[in-house]
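Results of the structural survey
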Amino acid sequence: MDNILIITIAIVAAALVFDFINGFHDTANAIATSVSTKAIKPKQAIIMAAIMNFLGAISFTGVAKSLTKDIVDPFSLPNGDVVILSALIAAIIWNLVTWYFGIPSSSSHALIGSIAGAAITAAFLAGKSSPLNYAGFTKIIQALILAPFLAFAAGFIIYTIFKYTLKNFNLDQTNRRFRYLQVVTAAFQSYAHGTNDAQKSMGIITLALIANGYQSEADGVHFWVQFACALAMALGTSIGGWKIIKTVGSKIMKIKPVNGVAADLGSMSVIFSATAMGLPVSTTHVISSSILGVGSSHRIRGVKWDTAQRMIITWVITLPISAIVAGGIYWIFTLFM
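The text that follows walks through the structure, step by step, so that each part is easy to find. As a convention, each chain's residues are numbered from 1 in the sequence order in which they are written. For a predicted model such as this one, the threshold for reporting local features is a pLDDT of at least 70, and the threshold for listing and counting side-chain atom pairs is 80 or more; totals across whole chains, interfaces and linings nevertheless cover every residue. Think of the side-chain values as coming from all heavy atoms in the structure, minus any hydrogens and water.

Let us look at the packing of aromatic side chains. Each aromatic pair joins two rings of Phe, Tyr and Trp (for Trp, the six-membered one) with centres within 6.5 Å, and gets the label stacked for planes under 30 degrees apart, edge-to-face for over 60, and tilted for any other angle. Under the defined criterion, the tally for this structure stands at four aromatic pairs. When the centroid spacing of 5.4 Å and the interplanar angle of 65° are considered together, the rings of Phe-162 and Phe-178 count as edge-to-face. A residue pair is termed long-range when its members are at least 10 positions apart, and Phe-162 in helix α6 (residues 134-165) and Phe-178 in helix α7 (residues 171-211) qualify at 16 residues. As far as the burial class goes, Phe-162 and Phe-178 line up, both buried. Grouped by ring-pair contacts, the aromatic residues Phe-54, Phe-223 and Phe-227 constitute a single cluster. Helix and strand labels come from DSSP, where a helix needs a run of H or I of at least four residues and a strand needs a run of E of at least two; each type is numbered from the N terminus. Buried, partly exposed and exposed residues are distinguished by accessible area as a fraction of the type maximum, computed with a 1.4 Å probe on protein chains only: under 20%, between the cut-offs, and over 50%, respectively.

What follows deals with the packing of helix α10 (residues 257-276) against helix α11 (residues 283-299). A pair of packed helices can be characterised by two numbers: the angle between their axes and the separation between those axes. Think of each axis as a best-fit line through the C-alpha atoms, taken over the contacting stretch in the case of a helix, with angles from 0 to 180 degrees between the N-to-C directions. Between α10 and α11, whose axes approach to 8 Å, the crossing angle comes to 135°. In terms of axis orientation, α10 runs oblique to α11. For α10 against α11, the interelement crossing comes out right-handed. On the side of α10, the interface is formed by Asn-259, Ala-262, Ala-263, Gly-266, Ser-267, Val-270 and Ile-271, while α11 contributes Thr-283, Val-286, Ile-287, Ser-290, Ile-291, Val-294 and His-298. The nonpolar class holds Ala, Val, Leu, Ile, Met, Phe, Trp, Tyr, Cys and Pro. Asp, Glu, Lys and Arg form the charged class, and all remaining residues, Gly among them, are polar. Per-class residue counts for the contact of α10 with α11 are eight nonpolar, six polar and no charged. Put simply, angles under 35 degrees are roughly parallel, angles over 145 are roughly antiparallel, angles from 65 to 115 are roughly perpendicular, and the rest are oblique. Two helices that cross are described as forming a left-handed crossing if the nearer one is turned anticlockwise from the farther one by less than a right angle, and a right-handed crossing if clockwise. What makes two residues a contact is simply this: any of their non-hydrogen atoms within 4.5 Å.

We now examine the side chain of Ser-289. Here Ser-289 is to be found in helix α11. Sequence-distant contacts of Ser-289, that is, excluding residues within four places in its chain, are made with Pro-148, Ala-151, Phe-152 and Trp-315.

Taken together, the side chains of Ile-93, Val-97, Tyr-100, Phe-101, Ile-312, Ile-313, Val-316, Ile-317, Ile-321 and Val-325 define a hydrophobic patch exposed on the protein surface, amounting to about 850 Å² of accessible area. Of all the secondary-structure elements, those providing two or more residues to the nonpolar patch are α4 (80-100) and α12 (305-334). Along the chain, Ile-93 turns up in helix α4. A relative accessible area of 39% places Ile-93 in the partly exposed class. Residues enter a patch when their relative accessible area is above 30% and they make no salt bridge; the linking distance is 9 Å between like charges and 5 Å between nonpolar side chains (Val, Leu, Ile, Met, Phe, Trp, Tyr). Areas reported here follow the Shrake-Rupley algorithm with a probe of radius 1.4 Å; residue values treat only the protein chains shown as occluding. Here, a salt bridge means any Lys or Arg side-chain nitrogen found within 4 Å of an Asp or Glu carboxyl oxygen.

Here it is, written out as structure tokens:
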């Protein structure tokens, strides 16, 4: 078995591990509000999220194609396979660290930052110009930055509409009805999560296959790649991320069913829009920002801004830290090359 094939297999395995971790790391994003309001039991919520994540993941490939061509040129990567493997290992490390501390960080930021960091380090060590596709990379970064603001606005507006539309209704009856509706919105939230997040690993595997000559760029994303990534994320989702569920579901604001439905609808609209445009966004950022928007509309003092501040700091530092870690891992690999 030649070295290229071994590294390609290692990349596929690492990408699937990343997707698995992404599944239990980001499970909270889709089901935290419905679990915290007891609209659905935790085990049922996780099973539902796993199934809907899987269905979402096998439904689209646009985001995967964007990652394949918009971040780096796979044919100009010095030691491209090692670059990709280094990026995946760095993203996995960051996901595990933030999961351990219960911080809902962005798997998307970690992966994209890691790819950029490893690619730039490889080019620097080889004395070549950066292989980053700056136009595509900038477009992706803009989407990652803009999406949380749009989600905040969507959550704020949707809950404001609910607040004024339902102000003359009985509060207990309203929340009881919205608790049933929450199950539906949580299911669609999980589906939306699958349409965007699982595709990132699909794009990485496809990038490795192209860089190592196992397929052409024109082939797109093979079905076996799509299915394997969808299954890995679904299995990860089935485990659940209870620490992050606690943060998203209760430490941002006290969530009632009507708040949860508004937050789900706000984040869903942004994620589906991004997927339709083939843009990777951070579902973590989007969902948490939508909850913040709902909380600000409901009662701004009811939002636990210290938790929000800690989350925002993590969001900001994820890109540079993951880039540095990936660059360091690539450098370590070069010592044995």
